[in-house]
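Structure at a glance
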Amino acid sequence: MSQLDTIQHRLSAELQEMNDIIRRSLHTRNELMNRVVTAYLQKKGKQIRPLMVILSARFFGEINEHVLHAGAALEMLHNASLIHDDIVDETDMRRGVPTVNAVWGNHIAVLVGDFFVSNALAAGIRTGNLSIISALSALGCELSLGEVDQICNARDHHFDEESYFNMIRQKTASLFMNCVKMGAEAVGACEEEYAPMIRFAELLGLCFQIKDDIFDYYSDDKIGKPTGNDLREGKVTLPLLYALANAPAAEGERMKDLIKRGDMTDVEISRLIEFAKANGGIDYAFGVMREMQTEAEALLAAYPSDRDKQSFRDIFEFIISRDR
């Protein structure tokens, strides 16, 4: 049993209540929408983000109905972003099952994603907390801007770490940061109390994306995407960025020219992957994650209470060590 499995088991009652809220929220009189949504919800994924909402609430107070509605709202917004991402990326499989767009086409998939967004906002309103509603609204903007930044980085061939980290902060870390904020707000914690945990969540979210990006350099059917998929889309992630900056200059320039040309063959994708590995890119990315984990541990240690600290530590370790 992984660290995440242990936490999910411990919070199974709260997660069940939250998932019941999601199912009730998404139920409609339209038979087609119900069929699509029911099929989609059968494969829930790890639900790390709503777990973070619940853990944050427990860390700063007691679980209440507003916490569960906040978790449901955030999970629905997250799933809306995944549905829309699958359309943009023309993805056929997610979590081992066909995507909504693969089964029903882009038209239906866009509408289903919009339906999730609307119900996420409705669940946020049911908390009666303007800060939570505001956070959901801001999060929607951050996720969209993160995706657009990623497209711009790929098109404009930005090969610097600053652009990369700014993009993944918006695209991925913002979601984790709002998990902590919404959980804390739902139990009445003040900003001064939970501000250090926002940084903790930011570090966690950055590590989540870095580890996701590392998967692209290896072949594993469990991950649900082929090796080099990011590179095929022009996305240059941390391992390759490090290699490009630290390899012998002539070799680095040849690899940059390859990326800029685009429309790479499988052989050329393999060359880039091996280049990143041979020049220390994977080791560097893992080193960055471990440094972030050390900073996160210091933030956590500063809190006087031990309640749920280990759960936060376990989630961080799971993020770095997971195999998919």
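Going by the structure above, here's the rest.
Residues numbered from 1 in each chain as written. Predicted model: local features only at pLDDT ≥ 70, side-chain atom pairs only at ≥ 80, totals over all residues. Heavy atoms only, no water.

**Points about the packing of helix α9 (residues 161-186) against helix α10 (residues 191-215)**
Two numbers describe a pair of packed helices, the interaxial angle and the distance between the axes. This is how the line gets drawn: To define axes, lines are fitted to C-alpha atoms, for helices over the stretch in contact only, and angles between the resulting N-to-C directions are given on a 0 to 180 degree scale. Secondary structure elements follow DSSP: runs of H or I of four or more residues count as helices, runs of E of two or more count as strands, with numbering from the N terminus. Note on terminology: angles under 35 degrees are roughly parallel, angles over 145 are roughly antiparallel, angles of 65 to 115 are roughly perpendicular, and the others are oblique. A crossing counts as left-handed when the near helix is turned anticlockwise from the far one by less than a right angle, and as right-handed when that turn is clockwise. Gly falls in the polar group here, along with every residue not listed as nonpolar (Ala, Val, Leu, Ile, Met, Phe, Trp, Tyr, Cys, Pro) or charged (Asp, Glu, Lys, Arg).
Contact geometry for α9 and α10: axes closest at 7 Å, N-to-C directions at 135 degrees. Classified by the angle between their axes, α9 and α10 sit oblique to one another. Crossing of α9 against α10: the hand is right-handed. Looking at the contact of α9 with α10 residue by residue, the classes come out as 16 nonpolar, three polar and six charged.

**With respect to the pattern of salt bridges**
Test applied: Salt bridges are identified by distance alone: a Lys or Arg side-chain nitrogen within 4 Å of an Asp or Glu carboxyl oxygen. We call a residue buried when its accessible area falls under 20% of the maximum for its residue type, exposed when it is over 50%, and partly exposed in between, using a 1.4 Å probe and counting protein chains only.
Counted according to the given criterion, the structure contains 15 salt bridges. The partner of Asp-266 in a salt bridge is Arg-232, with the nearest N and O atoms 2.6 Å apart. A residue pair is termed long-range when its members are at least 10 positions apart, and Asp-266 in helix α14 (residues 266-278) and Arg-232 in helix α11 (residues 229-232) qualify at 34 residues. Using a relative accessible area of 51% as the deciding quantity, one classes Asp-266 as exposed. A relative accessible area of 39% places Arg-232 in the partly exposed class. With a closest N to O distance of 3.7 Å, Glu-253 and Lys-256 form a salt bridge. Placement of the pair is Glu-253 and Lys-256 together in helix α13 (residues 249-261), with a separation of three residues, close to one helical turn. By relative accessible area, Glu-253 is classed as partly exposed at 41%. By sharing partners, the salt bridges in this structure join Arg-169, Arg-199, Glu-202 and Glu-295 into a single network.

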